[in-house]
Amino acid sequence: MMDTDNESLLDQYLKYLKLPFMREHHLPLAEQAVKDGWSHEDYLEKLADGEAALRRDRSIQRRIRMARFPVIKTLDQFNWTWPKKINRLQVQQLFRLQFVKQASNVIFIGGVGVGKTHLASALGYAACLEGLPVLFATAIDVINTLSTAQ
């Protein structure tokens, strides 16, 4: 069934099953398991945990790519000293992402240079990190898409 010339049968199965973390780490973790006296279940749990973490990371990276952010921004990078009238607590509350569960919209309105794009990008990035699908679009992008569709 499988070619065993250069790879072990286990390596071939892990490759076929698309389990790259397990394929790369099963031997080092097996050595550590023996050294530290892990049970079979502990060893398997470490392998599965590593595989799950790798898939989560890849999923997040894919969501970030698909979101088409102009630049990656975070809330920590936001300059709270400008504009003066921004409601910091209200903005920070948005980052709890409750509006998504409530199927509500968020619209940032303000003059040029006040941080609307930064906050929208940071909010989308935070949503990606939580495993939510995001598509970043400016008002002009939405209008152009709707005009083209019509």
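Student: Can you walk me through the nonpolar core in this structure?
Tutor: Looking at soluble globular proteins, one finds that nonpolar side chains tend to be buried together. With 19 residues, the main nonpolar core has Phe69, Leu75, Val91, Phe95, Cys128 and Val134 as its most contacted residues. For this core, the elements supplying multiple residues, two or more each, are helix 3 (40–67) and helix 6 (116–129). Residues in contact with Phe69, not counting those within four places in the same chain, are Ile64, Ser121, Gly124, Tyr125, Cys128, Val134 and Phe136. Leu14, Phe21, Leu29 and Leu47 belong to the second largest nonpolar core, which has six residues in total.

Student: Help me understand helix 3 in this model?
Tutor: For the α-helix, the turn length of 3.6 residues means that residues three or four positions removed from each other point alike. The terminal C-alpha atoms of helix 3, which comprises 28 residues, lie 40 Å apart, in line with the 40 Å expected from a rise of 1.5 Å per residue. When helix 3 is considered as a whole, its buried residues turn out to be Leu47, Gly50, Glu51, Ser59, Ile60, Ile64 and Ala67. Residues of helix 3 that are buried make contact with helix 2 (20–36) and helix 6. Following helix 3 by one or two positions, Arg68 adopts a phi angle in the positive range, close to 60 degrees.

Student: Would you take a moment to explain the layout of surface pockets for this structure?
Tutor: Over the atoms, a rolled probe matching the size of one water molecule traces out where space is still vacant. Considered as a void within the structure, the largest pocket measures approximately 730 Å³ in volume. Lining of the largest pocket is provided by 23 residues; of these, Val106, Ala120, Leu135, Phe136 and Ala137 occupy positions nearest its centre. Counting residues per element, the ones that place at least two in the lining of the largest pocket are helix 5 (98–101), helix 6 and helix 7 (139–149). Among the elements that make up the lining of the largest pocket, the one with the highest residue count is helix 6 (six residues). Across the lining of the largest pocket, the residue classes break down as 17 nonpolar, five polar and one charged.

Rules used throughout
- Residues numbered from 1 in each chain as written.
- Predicted model: local features only at pLDDT ≥ 70, side-chain atom pairs only at ≥ 80, totals over all residues.
- Heavy atoms only, no water.
- Core = buried A, V, L, I, M, F, W, Y, C linked by side-chain atoms within 4.5 Å.
- Buried < 20%, exposed > 50% of the residue type's maximum accessible area, 1.4 Å probe, protein only.
- Helix = DSSP H or I, 4+ residues; strand = E, 2+ residues; numbered from the N terminus.
- Contact = heavy atoms within 4.5 Å.
- Expected span 1.5 Å × (residues − 1).
- 1 Å grid on protein atoms, 1.4 Å probe; cavity = no way out; pocket = protein on both sides within 12 Å on 5 of 7 lines; lining within 4 Å.
- Points joined across faces, edges and corners; volume = space filled by probe spheres on them.
- Nonpolar A, V, L, I, M, F, W, Y, C, P; charged D, E, K, R; others polar.

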